[in-house]
Amino acid sequence: MSINAFTLSCVYEKTLDPRDKDRFSIQCLECYHPNIYMGTKQGTVHHLLISTNVHPSSCQTYTKEARVKKLSSSPVARIRLVPVYNHLLALSNRAVTTLNMFSLETNASFKKIQNVSQFEVSQREDTVQMVTCSSQKRVIRVLAVEVDRWDVLKEIPLAQEPLELAVDVCSACACVGTSEQYLLCDLTTGHREALFQHGHSRQQVLVSSVGGGEFLLNGPGGLGLFVMASGMCQRPPLHWSPGVLAACLCPPYALSLQDSELAVYSLLDQQRKQTVSVRGALGMEPTADGVVLFTDRAVYTVSMTPLSEQVLRLVEEERLEEALLLLEALPTQDPHRELQKTITCQAGFHHFFRERFSEATHLFIKGELDPRELLHLFPDLSSTLLGDFHSQMDHRTRAQDLRELWRTDPESQRRYLGFLIEYLRAVRRSGVDCGEEVVDCALLWLYVQTADSDGLVELVRNPNACALEKCEPVLTQDNRFFALGLLHQSHGKYEDAVQSWAELAEGVHTDPSCPLSPPEVLELMVSSVRRLEDADSVWKYTERILRNSQEAGVQIFTKPPARVHFPPEKVLTLLETFPQARIMYLEFLVHEMNSEEAGHHTHLALAYVSQSLQSQEDTETRGKLQDLLWESQRYDVSAVSRQTHSSAHREGRSSGSYRGPPRSPESARPRLSRPRSC
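Residues numbered from 1 in each chain as written. Predicted model: local features only at pLDDT ≥ 70, side-chain atom pairs only at ≥ 80, totals over all residues. Heavy atoms only, no water.

Participant: Could you give me a rundown of the pairing of strand 3 (residues 35–40), with the residues and numbers involved?
Facilitator: Among the six residues of strand 3, six are classified as buried, and the element is accordingly described as predominantly covered. Side chains N35, Y37 and G39 of strand 3 all project onto a buried face; the interleaved residues I36, M38 and T40 project onto the opposite face, where all are buried too. The antiparallel pairing of strand 2 (residues 26–32) with strand 3 creates a hairpin that spans two residues between the two strands. Sheet topology places strand 3 next to strand 4 (residues 44–50); five bridges connect them, and they run antiparallel. Across the sheet, G39 pairs through a bridge with V45, a residue of strand 4. (Buried < 20%, exposed > 50% of the residue type's maximum accessible area, 1.4 Å probe, protein only. Helix = DSSP H or I, 4+ residues; strand = E, 2+ residues; numbered from the N terminus. Pairing = 2+ DSSP bridges.)

Participant: Give me the confidence of the model for the protein chain: which residues, what numbers.
Facilitator: Overall, the predicted model of the protein chain reaches an average pLDDT of 86, with 90% of residues at or above 70. This model gives residues 54–59 a pLDDT under 50, and the stretch forms six contacts once residues within four places in sequence are excluded. For residues 654–678, every residue scores under 50 in pLDDT, and the model assigns this stretch 27 contacts once sequence neighbours within four places are set aside. (pLDDT = per-residue confidence, 0-100. Contact = heavy atoms within 4.5 Å.)

Participant: Just give me the short version of the packing of aromatic side chains, but keep the residues and values in it.
Facilitator: To describe a pair of aromatic rings, one takes the distance between the centres and the angle between the planes. If you walk through the whole model with that rule in mind, you get 21 aromatic pairs. Arranged with centres 5.1 Å apart and planes meeting at 80°, the rings of F357 and Y416 form a pair that is edge-to-face. Linking F357 in helix 4 (residues 357–366) with Y416 in helix 8 (residues 410–430), this pair joins segments that are 59 residues apart in sequence. Where W539 meets F557, the ring centres are 5.8 Å apart and the plane angle is 35°; that geometry is what we call tilted. Of this pair, W539 sits in helix 15 (residues 535–548) while F557 sits in helix 17 (residues 555–558), placing them 18 residues apart in sequence. No difference in accessibility class separates W539 from F557, as the two residues are buried. An aromatic cluster of three or more residues is present, and its members are F349, F352, F353, F357, F364, F378, W406, Y416, F419 and Y423. Against the face of F24 rests K14, its NZ or CZ located 5.4 Å from the ring centre. Above the face of the F226 ring, R235 is positioned so that its terminal group lies 5.4 Å from the ring centre. (Phe/Tyr/Trp six-rings, centres within 6.5 Å; stacked < 30°, edge-to-face > 60°. Lys NZ or Arg CZ within 6 Å of the ring centre and 35° of its normal.)

Participant: Break down the pairing of strand 28 (residues 298–304) for me, with residues and values.
Facilitator: Along strand 28, six of the seven residues are buried, which leaves the element largely enclosed by surrounding structure. Sheet topology note: the strand 1 (residues 6–13)/strand 28 ladder contains seven bridges and is antiparallel. Across the sheet, the residue bridging to L8 is V302, located in strand 28. As paired elements, strand 27 (residues 290–294) and strand 28 share five bridges and run antiparallel to each other. Its bridge partner lying in strand 28, G290 is registered against S303. The hairpin formed by strand 27 and strand 28 contains three residues between the paired strands.

Participant: Just give me the short version of helix 8, but keep the residues and values in it.
Facilitator: For helix 8, which comprises 21 residues, the first-to-last C-alpha distance of 30 Å matches the rise-based estimate of 30 Å (1.5 Å per residue) to within 8%. At the C-terminal side of helix 8, G431 shows a positive phi close to 75°. (Expected span 1.5 Å × (residues − 1).)

Participant: Give a description of the environment of R415 that names residues and reports values.
Facilitator: You can see R415 is positioned in helix 8. As for R415 and F357, which are separated by 58 residues in sequence, their C-alpha atoms are 9.6 Å apart. If we skip the residues at most four places from it in the chain, R415 touches E355, F357 and D409.

Participant: Any chance you could break down the sheet that holds strand 17 (residues 192–197) for me, citing the residues and the numbers?
Facilitator: Ordered by their spatial adjacency, four strands build an open sheet running 14-15-16-17, and the pairing between neighbours is antiparallel. Edge strands, defined here as strands with exactly one partner in the open sheet, are strand 14 (162–168) and strand 17. Averaged over all adjacent pairs, the angle separating strand axes in this sheet is 20°, with direction ignored. Pairing geometry for strand 14 and strand 15 (residues 173–178), over six bridges, is antiparallel. Within the sheet, the bridge partner assigned to A166 lies in strand 15 and is C175. (Axes fitted to C-alpha atoms, helices over the stretch in contact; angles between N-to-C directions.)

Participant: How would you explain the pattern of salt bridges if you had to name every residue and give the values?
Facilitator: Counted under the stated rule, the structure contains 31 salt bridges. In this structure, R337 engages E368 in a salt bridge whose closest nitrogen and oxygen atoms are separated by 3.0 Å. Placement of R337 in helix 3 (residues 336–352) and of E368 in the loop between helix 4 and helix 5 (371–375) is noted, with a sequence separation of 31 residues between them. With a shortest N-O distance of 3.6 Å, R582 and E576 are connected by a salt bridge. Owing to a relative accessible area of 13%, R582 belongs among the buried residues under this scheme. Salt bridges here are not isolated pairs; linked through shared partners, they connect E30, R78, R80, E120, E164 and E285. (Salt bridge = Lys/Arg side-chain N within 4 Å of Asp/Glu carboxyl O.)

Structure follows, in structure tokens:
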């Protein structure tokens, strides 16, 4: 499809005066802004000055003719400039003459270069070279050019007559078009490399240097071929007319001139994008922002519309794929960076409204879309999480159509919600700074709405940016108390987490989505309580846990490390009404902490005695008691003996099997080491 990438403006036209017998016909042209130099068929050089306020939309002429210099009676075939020396080099009558760029006076000290059919100039910093095609021999010559002299550095022989040439400064390479083929010549070593036969007439041989070690050639079969100085092709060819007169690059476009039109091709997809009508065109020269082309009596500037304006025009026409392609040619730095992101996101919405979700996700992330621009299209989510957000993109009509579709087609809404979840997950993985809080809050809301319990738990149990004031009501209204506790825990609100789980474990609330059993919920409570830094809160929640499970509750004191240190005596006091937990804590003190407190050993022995006498079948506790009595030297023998006999006496009386007084306390402590088994 076409695009108006270039604008044509006439900047000079020679009016035809019937009384003027002298004919005027432009033969060649060279530019050095704001100067234009024309060589004519009548052997003159004309110097034009272009006004700096040229406006392409105007039809007026903004040039004035400064000077004219008569060289010879033969046409001026080529003009090239050497600004470092203020030289103008003009080829006429097979000789190169040197003029001053501004006065057009002949440089008398600079001898003419004879027997030249064509030439090009190469300048790198202060070093200037000229490459010429000989009009007498099948050679090209390399000359060193100075202020007032020139010297031949090298002659490179050729197999056929050279017709056209172009020189690349970067690679010090010349591409030559002969009567039969194109070839590359290394200007330093003289090495030649044949490229391909062209089969053209003399007028169709075309060679143009496009910079960066690359040449554009008029190849066989109506192809414009790009060839590197290495002989390789790195771009696809252009399909153009065989009658091309001149060609050049104006990235991201290539321009080819024919007799009646200038064709504009995209370097991105090799398609013709624009045709500019120029009847009677003869040639053109590239400039910084386009080209200057000429007919026999007029000069035109062809200026490129800024790429940003071209992109916006394509977007207005909803040619988004072309706009995205053209965006690749824009520099990634400011001020184009914001435009690139905006257009990329607009293209993403184009796919989004058509349910092309994979393409939309890629473009949204590439364009660093503010997720709120997408989320505000979902009314329920927007009212819950976004507050007073004002969109910078106008999608009101399409958003209304989308909401009407969801109202009549719930399955379509389900697909859009599924896309939104996948997109937000992709944003989290990409690491792009697009508002972590908005993304995580939206994900939480979506997991609740779609009953994705696994996704919800995975989100809230790991570090997240959910805003508690926005997400707590969402979870509470849907009875997601297990996830609510995880959310609090992930934000360091351990007391709130314990409160949520305690109410869940005690039956105050129900959560059908909770994946854990009540004992597993208690273990979560224990892990959070142990993170609390306030001792009073620890005591409060420890009692609640102990009432549900003594085994789980005692782990608050037995699993290191805890945030708060608890004196053992205070813990033992708390555990007075929880005998199982008390025994477990005493075992922890004696066996793991290696406590030397006699009271800890004594309390443990007494607890074993009390528990073992409650059941005749509790052999495990009796075994623990026997091990303690054999191994410990710190328990109070008398207290243990009294407890043993007192309990045995009460048991015997109640059962009628009392057998007499116990042994003396001293006889209860073992005097010998524990016998070893054989």
